[in-house]
Amino acid sequence: MNPTLQSWNAAGADAALDAMIACCCAHRWAEAMVTLRPIPSVFELSEAADRVWSTMEEPDWMEAFACHPRIGERKAARASAKSAAWSSQEQSSASGAESDVLEELAEGNALYEQRFGFTYIVCATGKSADEMLAILNRRLTSDRATELREAAEQQRQITQIRLGKWLVE
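Anyway, here's the lowdown on the structure attached to this text. (Residues numbered from 1 in each chain as written. Predicted model: local features only at pLDDT ≥ 70, side-chain atom pairs only at ≥ 80, totals over all residues. Heavy atoms only, no water.)

**Description of the overall build of the protein chain**
Heads up, the rule is: Note on conventions: DSSP H or I runs of at least 4 residues are helices, E runs of at least 2 residues are strands, and numbering of each starts at the N terminus. Here, residues are in contact when the closest pair of their heavy atoms is within 4.5 Å. Only the protein chains shown count as covering a residue, and every accessible area follows the Shrake-Rupley method with a 1.4 Å probe.
Along the protein chain, the regular secondary structure elements total 10 helices and zero strands. Going residue by residue from the N terminus, the α and β elements of the protein chain occur as α-α-α-α-α-α-α-α-α-α. Long-range pairs, those at least 24 residues apart, make up 69% of the contacts in the protein chain with a sequence separation of at least 6. In the structure as shown, the protein chain presents an accessible area of about 8100 Å², 54% of it carried by carbon and sulfur atoms.

**Some words on the pattern of salt bridges**
Selection rule: Any Lys or Arg side-chain nitrogen located within 4 Å of an Asp or Glu carboxyl oxygen qualifies as a salt bridge. In this scheme, a residue with accessible area under 20% of its type's maximum is buried, one over 50% is exposed, and one in between is partly exposed, where area comes from a 1.4 Å probe on protein chains only.
Taken as a whole, this structure holds six salt bridges when the rule is applied. Here Glu-113 makes a salt bridge to Arg-70, at a shortest N to O gap of 2.6 Å. Here the residue Glu-113 occupies a position in helix α8 (residues 99-116), and Arg-70 occupies one in the loop between α5 (58-65) and α6 (81-90), the gap between them amounting to 43 residues. Owing to a relative accessible area of 22%, Glu-113 belongs among the partly exposed residues under this scheme. Arg-70 gets classed as partly exposed once you look at its relative accessible area, which sits at 32%. Of the charged contacts in the structure, one is a salt bridge between Arg-139 and Glu-147, with a shortest N-O distance of 2.5 Å. Here the two residues Arg-139 and Glu-147 agree in accessibility, since each one is buried.

**Section: the packing of aromatic side chains**
We apply this condition: Under the pairing criterion, centres of Phe, Tyr and Trp rings, with the six-membered ring standing for Trp, must be within 6.5 Å; the plane angle then separates stacked pairs below 30 degrees from edge-to-face pairs above 60, leaving the rest tilted. The rule is short: NZ of Lys or CZ of Arg within 6 Å of the ring centre and within 35 degrees of the ring normal puts a charge over the ring.
Taken as a whole, this structure holds six aromatic pairs when the rule is applied. Taken together, Phe-65, Tyr-112, Phe-116, Phe-118 and Tyr-120 form an aromatic cluster joined through their ring pairs. Above the face of the Trp-8 ring, Arg-37 is positioned so that its terminal group lies 5.6 Å from the ring centre.

**Details of helix α1 (residues 3-10)**
To keep things clear, this is the line we draw: Picture the helix axis, draw a direction to every C-beta atom, and the arc is the one those directions span. Whenever a nitrogen or oxygen atom comes within 3.5 Å of another N or O atom, the pair is scored as a polar contact, on the condition that within protein one atom can donate a hydrogen and the other can accept it, and that pairs from neighbouring residues in sequence are kept only if both atoms are in side chains.
Every buried residue of α1 is accounted for by Thr-4, Leu-5, Trp-8 and Asn-9. Viewed along the axis of α1, the buried residues span an arc of 135°, placing them on a single side of the element. Among the exposed residues of α1, those pointing more than 90 degrees away from its buried face are Pro-3, Ser-7 and Ala-10. Of the surrounding elements, those touching the buried residues of α1 are α2 (13-23), α3 (27-35), α4 (42-53) and α10 (144-168). For α1, the capping residue at the N-terminal end is Asn-2, with a side-chain oxygen 2.8 Å from the backbone nitrogen of Thr-4.

**Focus on the packing of α8 against helix α9 (residues 129-139)**
Defined as follows: Every axis corresponds to a line fitted to the C-alpha atoms, with the helix fit spanning only the stretch in contact, and the corresponding angles, defined between N-to-C directions, vary from 0 to 180 degrees. Roughly parallel means an angle under 35 degrees; roughly antiparallel, over 145; roughly perpendicular, 65 to 115; everything else is oblique. The sense of a crossing depends on the near helix, which, turned anticlockwise from the far helix by less than a right angle, makes the crossing left-handed and, turned clockwise, makes it right-handed. Three residue categories are used. Nonpolar comprises Ala, Val, Leu, Ile, Met, Phe, Trp, Tyr, Cys and Pro, charged comprises Asp, Glu, Lys and Arg, and polar comprises the others, including Gly.
Contact geometry of α8 with α9 gives a least axis separation of 10 Å together with a crossing angle of 30°. What the angle tells us is that α8 and α9 run roughly parallel. Handedness of the crossing formed by α8 with α9: left-handed. Facing α8, whose interface residues are Val-101, Glu-104, Leu-105, Gly-108, Asn-109, Tyr-112 and Phe-116, α9 presents Ala-129, Asp-130, Met-132, Leu-133, Leu-136 and Arg-139. Counted by class, the contact of α8 with α9 contains eight nonpolar, two polar and three charged residues.

**As for the nonpolar core**
When a protein is soluble and globular, its nonpolar side chains tend to lie buried together. Convention followed: We call a set of buried Ala, Val, Leu, Ile, Met, Phe, Trp, Tyr and Cys residues a nonpolar core when their side-chain atoms join them within 4.5 Å.
One finds Trp-8, Met-20, Trp-29, Met-33, Leu-45, Trp-53 and Trp-166 to be the most contacted residues of the largest nonpolar core, which totals 51 residues. Of all the elements in the fold, those that place two or more residues in this core are α1, α2, α3, α4, α5, α8, α9 and α10. Element by element, the count of residues in this core is highest for α10, at seven residues. In this structure Trp-53 touches Cys-24, Ala-26, Trp-29, Trp-61, Ala-64, Ala-152, Gln-155 and Arg-156, once residues within four positions along its chain are discounted.

**Digging into the state of the cysteines**
We count it as follows: Here, the term disulfide refers to a pair of cysteine sulfur atoms separated by no more than 2.5 Å.
Following the criterion strictly, the structure yields one disulfide and no others. In this model, Cys-25 is linked to Cys-67 through a disulfide, with the two sulfur atoms separated by 2.3 Å. Here Cys-25, found in the loop between α2 and α3, pairs with Cys-67, found in the loop between α5 and α6; they are 42 residues apart in sequence, far enough to count as distant. For Cys-25, a relative accessible area of 10% gives the class buried.

In structure tokens, the structure reads:
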């Protein structure tokens, strides 16, 4: 068994909850994951994370989204230190972007938030700033219901990546 998963299974509820909150800031999701312990394998953890995420609703999604900094920015208002560090790592390609791309991202982020009411969420791992900007511009043409589902899917992908990072730290 993975040693991090083994320790998490044996940890107190508060410590276990903190570990899950770092991976996804939706408290209802994190609490549900903690109640599923012990989870015997990494595969079953991944499956459980997706299964639990599929039961979440808009308030849960909004809570998770609020813990992400805007693409091109460094810090979210409500992120844990671990979550903020992972966001910085995930968005590292944006830090080296041309100033005009960063300006367009900032403008697009503001327009997105005005249009949809939440932070633009994209699984940034492996994407350049230009790619994230193109995705943002495409998604700005969506209706709110479609965009909310897309953002929730992006959050699911981010959560899976973060669970993987957590398991090897």
